[in-house]
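Observations on the model geometry
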Number of protein chains: 2
Amino acid sequence: MTALKHSRQRDLIRDLLEGRTDHPTADMVFESAKQVYPNISLGTVYRNLSLLAELGEIRKLSGLGDADRFDPRTDWHCHFVCTCCGKILDMEPAEASGRFLAEASESFSMGEIRSYEATFHGLCRDCLPV
Amino acid sequence: MTALKHSRQRDLIRDLLEGRTDHPTADMVFESAKQVYPNISLGTVYRNLSLLAELGEIRKLSGLGDADRFDPRTDWHCHFVCTCCGKILDMEPAEASGRFLAEASESFSMGEIRSYEATFHGLCRDCLPV
DNA sequence: GGCAATAACGATAATTATTACTGTTATTCG
DNA sequence: CGAATAACAGTAATAATTATCGTTATTGCC
């Protein structure tokens, strides 16, 4: 139980993410943070993003691209990844989400399902041919 | 259109994966392959796994863990990842799969959905407390 | 406020998964 | 067989992330 200490860098990182919908990578957050604290370290950004994710204040998204992404939204929702530009968009939970999970949980006998995530792929509006 | 040439290494890699359900990493395939061709190169394994995935003969699974996984099954199905031991299990498609996709496609207006994948998390039978 | 304890920092080295390069080998096809 | 070249083994390079380490900043107590 290492007693968490306050840090202005962590505050900044949390604030920078707040309200953002572009699901930035650690490096993108680092670039933003440098404009406020020019000599903040990339390691500090990684450490605090991971810590905030562990604390449940933000969400870490793995597997959507080469690098991990970070999302200020902590409510359950899915993501859409544009196969053309790589953009990541939030999706609002569909009606069928619950049924999908319930059905999977019922029919799956090799273990106990606790959660799931779904990622949709396709072309975003900007990349769709006219 | 570079004319594909036959290679015994590629044959081996395809054969090694055939029938396997453990979703091995490139490195795991490399270890297996070395027992047949002791001086096969890791680069060769990576190159051929990627090539086979592009040809549609196998599937590459990204984002399930640190390293990419490879699956001989090419039919659409989901995966279950044990949060305890990291084991990856195949899941049989549920009834709700289609509805889930249809509903998401309908309600999503920021682009055009082409596909999706879902990953379930939980404890496998071996890791469940008794 | 001053001060000890230590969480967190900045800087940098190390690690891991993967891709790229390079000279050599093997397959294909005339 | 022999030229053309895909694919190879071996190795170097890259990218994302984590670990180390000496220094700085926060906290709680006197």
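Treat the numbers as computed from the prediction; the structure is a model and nothing was measured. Residue positions are given per chain, counted from 1 along the sequence in the order it is written. Written order determines the labels here, with chains lettered from A and ligands numbered from 1. Whole-chain, interface and lining totals are the exception, using all residues; otherwise, since this is a predicted model, local features are given only for residues with pLDDT of at least 70 and side-chain atom pairs are given and counted only at 80 or more. The side-chain figures draw on all heavy atoms in the structure; neither hydrogens nor water molecules are used.

1. Some words on the protein's contact with DNA strand D
Filter applied, for reference: Near is defined per residue: the residue qualifies when any heavy atom it owns lies within 4 Å of the molecule or strand. Any pair of nitrogen or oxygen atoms within 3.5 Å is treated as a polar contact; in protein, a donor-acceptor pairing is required on top of that, and neighbouring residues in sequence qualify only through side-chain atoms on both sides. Every helix listed is a DSSP run of H or I at least four residues long, and every strand listed is a run of E at least two residues long, numbered separately from the N terminus. Ten residues, namely Ala, Val, Leu, Ile, Met, Phe, Trp, Tyr, Cys and Pro, are considered nonpolar, four, namely Asp, Glu, Lys and Arg, are considered charged, and the remaining ones, Gly among them, are considered polar.
Looking at DNA strand D, there are 19 residues lining it, with Arg8 and Tyr46 of chain A together with Lys5, Thr44 and Arg47 of chain B nearest. A breakdown of the atoms of DNA strand D within 4 Å of the protein gives sugar and phosphate a share of 81%. Between Ser7 of chain B and DNA strand D, the recorded distance is 2.8 Å, taken from a side-chain N or O atom to a phosphate oxygen. Between DNA strand D and Asn39 of chain B, the relevant distance is 3.4 Å, taken from a phosphate oxygen to a main-chain nitrogen or oxygen of the residue. Of all the secondary structure elements, the ones that give two or more residues to the surface near DNA strand D are helix 3 (42–55) of chain A together with helix 1 (8–17) and helix 3 (42–54) of chain B. For the surface near DNA strand D, the element with the highest residue contribution is helix 3 of chain B, accounting for three residues. Each residue belonging to the surface near DNA strand D can be placed in one class, and the counts come to six nonpolar, seven polar and six charged.

2. What to know about the relation of the copies chain A and chain B
Our working rule: Copies overlap after least-squares fitting; the atoms used are the C-alpha atoms of residues with pLDDT of at least 70 in both. Whether two residues are in contact is decided by their heavy atoms: any pair within 4.5 Å suffices.
Structural alignment of chain A on chain B gives an RMSD of 0.1 Å, achieved by rotating through 180° and translating 0.0 Å along the axis. Taken together, the rotation angle and the small translation identify this as a two-fold axis. Taking the C-alpha atom as reference, chain A places Gly63 of chain A closest to the rotation axis, 1.8 Å from it. A share of 100% of interface residues in chain A that are also interface residues in chain B marks the association as one of identical surfaces.

3. A look at unusual backbone geometry
The phi torsion at His23 of chain A lies on the positive side, around 50°, for a residue other than glycine. Inspection of the secondary structure assignment puts His23 of chain A in the loop between helix 1 (8–17) and helix 2 (26–34).

4. Regarding the protein's contact with DNA strand C
Within the structure, DNA strand C sits among 19 residues, and Lys5, Thr44 and Arg47 of chain A together with His6 and Asp68 of chain B are positioned closest to it. In DNA strand C, atoms within 4 Å of the protein come from the sugar-phosphate backbone in 81% of cases. Between DNA strand C and Lys5 of chain A there is a distance of 2.7 Å, counted from a base oxygen to a side-chain nitrogen or oxygen. Here a sugar or linking oxygen of DNA strand C and a side-chain polar atom of Gln9 of chain A are 3.1 Å apart. Only helix 1 and helix 3 of chain A together with helix 3 of chain B provide two or more residues apiece to the surface near DNA strand C. In terms of residue count, the dominant contributor to the surface near DNA strand C is helix 3 of chain A (three residues). Partitioned by chemical class, the residues of the surface near DNA strand C number six nonpolar, seven polar and six charged.

5. Concerning the domain arrangement of chain A
Residue and element names in this part refer to chain A. The line we're drawing: Domain extents, as shown, originate in an automatic or database domain assignment. We define buried area as the total accessible area lost by two parts upon association, computed with a 1.4 Å probe and summed across both. Note on definitions: salt bridges are taken to be side-chain nitrogens of Lys or Arg within 4 Å of carboxyl oxygens of Asp or Glu.
We note that the domain assignment places domain 1 (7–73) and domain 2 (75–124) within chain A. The gap between the C-alpha centroids of domain 1 and domain 2 is 23 Å. At the junction of the two partners, domain 1 supplies eight residues and domain 2 supplies 11 residues. Contact between domain 1 and domain 2 buries roughly 890 Å² in total, counting both sides, with carbon and sulfur atoms accounting for 47%. Ranking the residues of domain 1 by area buried against domain 2 places Arg59, Leu64 and Arg73 at the top, with a combined share of 67%. Our enumeration of links across domain 1 and domain 2 arrives at two salt bridges. For Arg73, the salt bridge goes to Glu92, with nearest N and O atoms at 3.2 Å. The tally of links from domain 1 across to domain 2 stands at seven residue pairs in polar contact (both at pLDDT 80 or more).

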